[in-house]
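# A structural walkthrough
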Amino acid sequence: QVSFVESGGGRVQPGGSLRLSCAASGFTVANYAVAWFRQAPGKEREGVSCISISDGNTYYTDSVKGRFTISRDNLKNTVHLQMNSLKPEDTAAYYCGIDTRLNQCNGAGLYGMDYWGKGTLVTVSS
């Protein structure tokens, strides 16, 4: 019953922007810390950004600080990731997810991952 639908990915040139959306169903995003993570072919999954529950504190991995912005839209039950100044190394499948056990940000990610979506592919190339 818990599901995510990630969207907004695509192919852009370096320096371009994309806005990813994570539409949630089966739960209320306002009650959870939500993280975006990514995985490129042949590489480990990496936490990109996390937004906390109460005050909406945000966290980012060093490589995206100043370029990415995570936000929560409670009315739409959606979490967004605005991605600016994209670099080729940002190329990956991007996922959103929650950890129902600890339910708090662990840096730019989570301590665990119970639910996540199919992902949306971001390709940055010239």
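Numbers given for residues are sequential positions, taken from 1 along each chain in its written order. In keeping with the predicted nature of the model, local features appear solely for residues at pLDDT of at least 70, side-chain atom pairs appear and are counted solely at 80 or more, and the whole-chain, interface and lining totals rest on all residues. By convention in this description, side-chain values take in all heavy atoms of the structure and omit both hydrogens and water.

## Details of the state of the cysteines
Throughout, a disulfide means two cysteine sulfur atoms within 2.5 Å of one another. Across all of its chains, the model carries 2 disulfides by this definition. Disulfide pairing places Cys-22 opposite Cys-96 at an S-S distance of 1.8 Å. Judged by the torsion about the S-S bond (75°), the Cys-22/Cys-96 disulfide is right-handed. Of the two residues, Cys-22 is situated in strand β3 (residues 18-25) and Cys-96 in strand β9 (residues 92-98); the sequence distance between them amounts to 74 residues. Take Cys-22 and Cys-96: they sit in the same class, and that class is buried. Here Cys-50 connects covalently by a disulfide to Cys-105, the sulfurs 2.0 Å from one another. Taking the torsion about the S-S bond as the criterion, the Cys-50 to Cys-105 disulfide, at about -85°, is left-handed. In this pair, Cys-50 is assigned in strand β5 (residues 46-51) and Cys-105 in strand β10 (residues 105-106), connecting sequence segments 55 residues apart. To qualify as a helix, a DSSP run of H or I must reach at least 4 residues; to qualify as a strand, a run of E must reach at least 2; elements of each kind are numbered from the N terminus. For each residue, the accessible area found with a 1.4 Å probe, counting protein chains only, is set against the maximum for its type, and the residue is called buried under 20%, exposed over 50%, and partly exposed in between.

## Focus on the sheet that holds β3
DSSP bridges decide pairing: two strands pair if at least two such bridges lie between them. With respect to topology, 4 strands assemble into an open sheet ordered β1-β3-β8-β7, the strand pairing being antiparallel. Each edge of the open sheet is held by one strand with a lone partner, namely β1 (3-7) and β7 (68-73). Ignoring which end each strand starts from, the neighbouring axes of this sheet average 15° apart. Looking at chain direction, β1 and β3 are connected through 5 bridges and run antiparallel. Within the sheet, the bridge partner assigned to Phe-4 lies in β3 and is Ala-24. Each axis is a line fitted through C-alpha atoms, and for a helix only the stretch in contact is used; angles between axes span 0 to 180 degrees, taken between their N-to-C directions.

Everything listed here is a matter of geometry and, on its own, says nothing about what the molecule does.
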